[in-house]
Amino acid sequence: EAQAAQANERANHAEAQAAQANERANHAEAQAAQANERANHAEAQANHANDRASGINQQYQAVVNSRSWKLTKPLRLASKFTQWFARGSIAWLTLKPGSRPRRIMRKGVTQIMNSVLLNPAIKGRALAWLSKYPKLKNRLRTIAYSQAQENLQQFTTKIDQHVTRDKNLFNFSPRAKEIYSDLKLGIEKRNQESL
């Protein structure tokens, strides 16, 4: 009788486990159905978006291929050219920062300053003359400083590119590594100070 009770208890336990497994299976099946429904909904949305894009593309093609679009093409091009020309003219006339005449003038001034600085006789006269015009002297000093900073930045960028391109071909000596790191730190410090 004790064995029958144990067997009955085991059967009840197995039945409870089967019921739990069945419940988990039903839950998993419900989740799969929900996932399938979401996938179908997403597919329907994708198809709808695709249909809309196709419709928009057809409308675009209809506009582009229309007679009026082709006839007004010269007007659109003229309008773009006029806008470009107006912006460029204003930049040239006002010497807007970054404009070509300003860059050309800056480059010319820098070359003249370098030539003057290399000739001691002219350098002395130029500095004497500039001492009468402190604002101009400060402006030229600012231009020289920024040009030197740009040159240094370009130099270190080229070195960085060369080093990263092939580290095996460009083995620095310990002194060169020290100079290189000093240059990088100096540039970073100047960049932070200018901010």
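Counting starts from 1 at the beginning of each chain's written sequence and moves along it residue by residue. In view of the model being predicted, local features appear only for residues whose pLDDT reaches at least 70, and side-chain atom pairs are presented and counted only at 80 or more, with totals across whole chains, interfaces and linings using the full set of residues. Side-chain descriptors were evaluated using all non-hydrogen atoms of the structure, hydrogens and water having been removed beforehand.

## Comments concerning the overall build of the chain
- Helix and strand definitions here come from DSSP, where helices need a minimum of 4 consecutive H or I residues and strands a minimum of 2 consecutive E residues; each element is numbered from the N-terminal end. Along the chain, the regular secondary structure elements total seven helices and zero strands.
- The order of α-helices and β-strands along the chain, N terminus first, is α-α-α-α-α-α-α.
- The C-alpha extent of the chain, read off along each of the three principal axes, is 125 × 70 × 35 Å.
- Accessible area of the chain: about 16700 Å², with a carbon and sulfur share of 58%. Calculation of accessible area relied on Shrake-Rupley with a 1.4 Å probe; when residues are assessed, cover is drawn exclusively from the protein chains displayed.

## Concerning the side chain of Ser-146
- You can see Ser-146 is positioned in helix H6 (residues 134–165).
- Using a 1.4 Å probe on the protein chains alone, a residue whose accessible area is under 20% of its type maximum counts as buried, one over 50% counts as exposed, and one in between counts as partly exposed. Look at Ser-146 and you get buried, because its relative accessible area is 18%.
- Here the side chain of Ser-146 touches Ile-143 through a polar contact of 3.0 Å, landing on its backbone oxygen. Polar contacts, as counted here, are pairs of nitrogen or oxygen atoms within 3.5 Å of one another; within protein the pair requires one atom able to donate a hydrogen and one able to accept it, and residues that are adjacent in sequence qualify only if both atoms are side-chain atoms.

## Quick look at the confidence of the model for the chain
- How sure the predictor is of each residue is captured by pLDDT, a score from 0 to 100. With 93% of its residues at a pLDDT of 70 or more, the chain has an overall mean of 83.
- For the chain, the element scoring lowest by mean pLDDT is helix H7 (residues 174–194), at 77; helix H2 (residues 67–71) scores highest, at 90.

## As for the packing of aromatic side chains
- A pair of Phe, Tyr and Trp rings is counted when the ring centres sit within 6.5 Å of each other, with Trp represented by its six-membered ring. The angle between the planes then sorts it: under 30 degrees is stacked, over 60 is edge-to-face, the rest tilted. Under the definition given, this model contains three aromatic pairs.
- The interplanar angle of 40° and the centroid separation of 5.6 Å between the aromatic rings of Phe-81 and Trp-84 together place this pair among those described as tilted. A residue pair is termed a helical-turn pair when its members lie 3 or 4 positions apart in one helix, as Phe-81 and Trp-84 do in helix H3 (residues 73–94) at three residues.
- Ring centres 6.0 Å apart and planes at 20° place the aromatic pair Phe-81 and Phe-85 in the stacked group. A residue pair is termed a helical-turn pair when its members lie 3 or 4 positions apart in one helix, as Phe-81 and Phe-85 do in helix H3 at four residues.
- Through pairs of rings, three or more aromatic residues link up here, namely Phe-81, Trp-84 and Phe-85.
- Definition used: whenever NZ (Lys) or CZ (Arg) falls within 6 Å of the ring centre and also within 35 degrees of the ring normal, the charge is taken to sit over that ring. Directly above the ring of Trp-69 sits Arg-76, whose terminal nitrogen or CZ lies 3.6 Å from the centroid.

## Notes on the packing of helix H4 (residues 100–118) against helix H5 (residues 120–130)
- In this analysis an axis means a line fitted to C-alpha atoms, helices contributing only their contacting stretch, and an angle means the value between N-to-C directions, from 0 to 180 degrees. The interhelical angle for the contact between H4 and H5, taken along N-to-C directions, is 115°, at an axis separation of 5 Å. Classified by the angle between their axes, H4 and H5 sit roughly perpendicular to one another. Touching Val-116, Leu-117 and Leu-118 of H4 are Pro-120, Ile-122, Lys-123 and Ala-126, all from H5.
- Note on residue classes: Ala, Val, Leu, Ile, Met, Phe, Trp, Tyr, Cys and Pro are nonpolar, Asp, Glu, Lys and Arg are charged, and everything else, Gly too, is polar. The residue inventory of the contact of H4 with H5, partitioned by class, reads six nonpolar, no polar and one charged. When an angle is under 35 degrees it counts as roughly parallel; over 145 it counts as roughly antiparallel; between 65 and 115 it counts as roughly perpendicular; any other value is oblique. In what follows, residue pairs with any heavy atoms lying within 4.5 Å of each other are defined as contacts.

## What to know about a nonpolar patch on the surface
- Candidate patch residues must exceed 30% relative accessible area and have no salt bridge, after which like charges are joined if within 9 Å and Val, Leu, Ile, Met, Phe, Trp or Tyr side chains if within 5 Å. Any carboxyl oxygen of Asp or Glu within 4 Å of a side-chain nitrogen of Lys or Arg constitutes a salt bridge here. The grouping of Phe-81, Trp-84 and Phe-85 at the surface amounts to a nonpolar patch, some 390 Å² of accessible area in total.
- Under the relative-accessibility criterion, Trp-84 is labelled exposed at 55%.

## Focus on the environment of Thr-157
- Topologically, Thr-157 is positioned in helix H6.
- By relative accessible area, Thr-157 is classed as partly exposed at 31%.
- Between the C-alpha atom of Thr-157 and that of Lys-80, which follows or precedes it by 77 residues, the distance is 37 Å.

## Structural notes on the side chain of Thr-110
- Structurally, the position occupied by Thr-110 is in helix H4.
- Once residues within four sequence positions are removed from consideration, Thr-110 is found in contact with Ile-143 and Gln-147.

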